[in-house]
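One letter stands for each residue in the lines below.
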Amino acid sequence: MDFLRTAKSYSSFYQRFVIKGGLAGAAVYVVYDQGLLGSGTQGAEALKKAQAALPPAIQEWTRYIGWELPPTPKFDFSPSDSWNKGVQTVMSALSVAPTRACEYTVEGWKFVKDLVK
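Scoring rules and cut-offs
Residues numbered from 1 in each chain as written. Predicted model: local features only at pLDDT ≥ 70, side-chain atom pairs only at ≥ 80, totals over all residues. Heavy atoms only, no water. Helix = DSSP H or I, 4+ residues; strand = E, 2+ residues; numbered from the N terminus. Buried < 20%, exposed > 50% of the residue type's maximum accessible area, 1.4 Å probe, protein only. Areas by Shrake-Rupley, 256 points an atom, 1.4 Å probe, with all protein chains shown as cover. Expected span 1.5 Å × (residues − 1). Contact = heavy atoms within 4.5 Å. Patch = residues over 30% accessible without salt bridge, like charges linked within 9 Å, V, L, I, M, F, W, Y side chains within 5 Å. Salt bridge = Lys/Arg side-chain N within 4 Å of Asp/Glu carboxyl O. pLDDT = per-residue confidence, 0-100.

A. A look at the overall build of the protein chain. A tally of helices and strands in the protein chain yields three helices and zero strands. In sequence order, the protein chain lays out its α and β elements as α-α-α. Among the 117 residues that make up the protein chain, the fraction classed as buried is 4%. Looking at the protein chain as shown, the accessible area adds up to about 10,800 Å², and 66% of this sits on carbon and sulfur atoms.

In structure tokens form, the structure reads like this:
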């Protein structure tokens, strides 16, 4: 009896594993197929396609379900500008890091000297 219960639990585990693995594989394939794993320009093009396709799809689904949603807001978002801003911020922080480390070291030594007095 325990063998059947164990076999059933393993069967359930493997079914869930196969389903989740299949969904993950499908998601990776779609991402690759849409060009999101390519260069930055390919990613920007894929984002523009998604921004153009999503609002009509959402409107269609809401009509099908019977819901009424407010109109989608329009926003201008450039992934390349955001990426460049992030790179600039990181590089700026790295460029001042040695100076800041020296300043913090001097402050730390002053603090220790004041404690010892």
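Moving on from the coordinates now.
B. Expanded view of helix α2 (residues 40–65). With 26 residues, α2 should cover 38 Å at 1.5 Å per step; its first-to-last C-alpha distance of 36 Å lies within 8% of that length. Of the positions making up α2, those classed as buried are G43, A44, A46 and T62. Just beyond α2, the residue with positive phi is G66, at close to 100°.

C. Inspection of the side chain of T62 at higher detail. In this fold, T62 is placed in helix α2. Contact partners of T62, with chain neighbours within four places excluded, come to W67 and L69.

D. Local environment of a nonpolar patch on the surface. A contiguous nonpolar patch, built from W109, F111, V112, L115 and V116 and spanning about 590 Å² of accessible area, is present on the exposed surface. Topologically, F111 is positioned in helix α3 (residues 79–116). On the accessibility criterion, F111 (54% relative accessible area) is exposed.

E. How the structure looks around the confidence of the model for the protein chain. Per-residue confidence for the protein chain gives a mean pLDDT of 79, with 85% of residues at or over 70. Element-level pLDDT for the protein chain is lowest in α2, with a mean of 77, against a maximum mean of 86 in α3.

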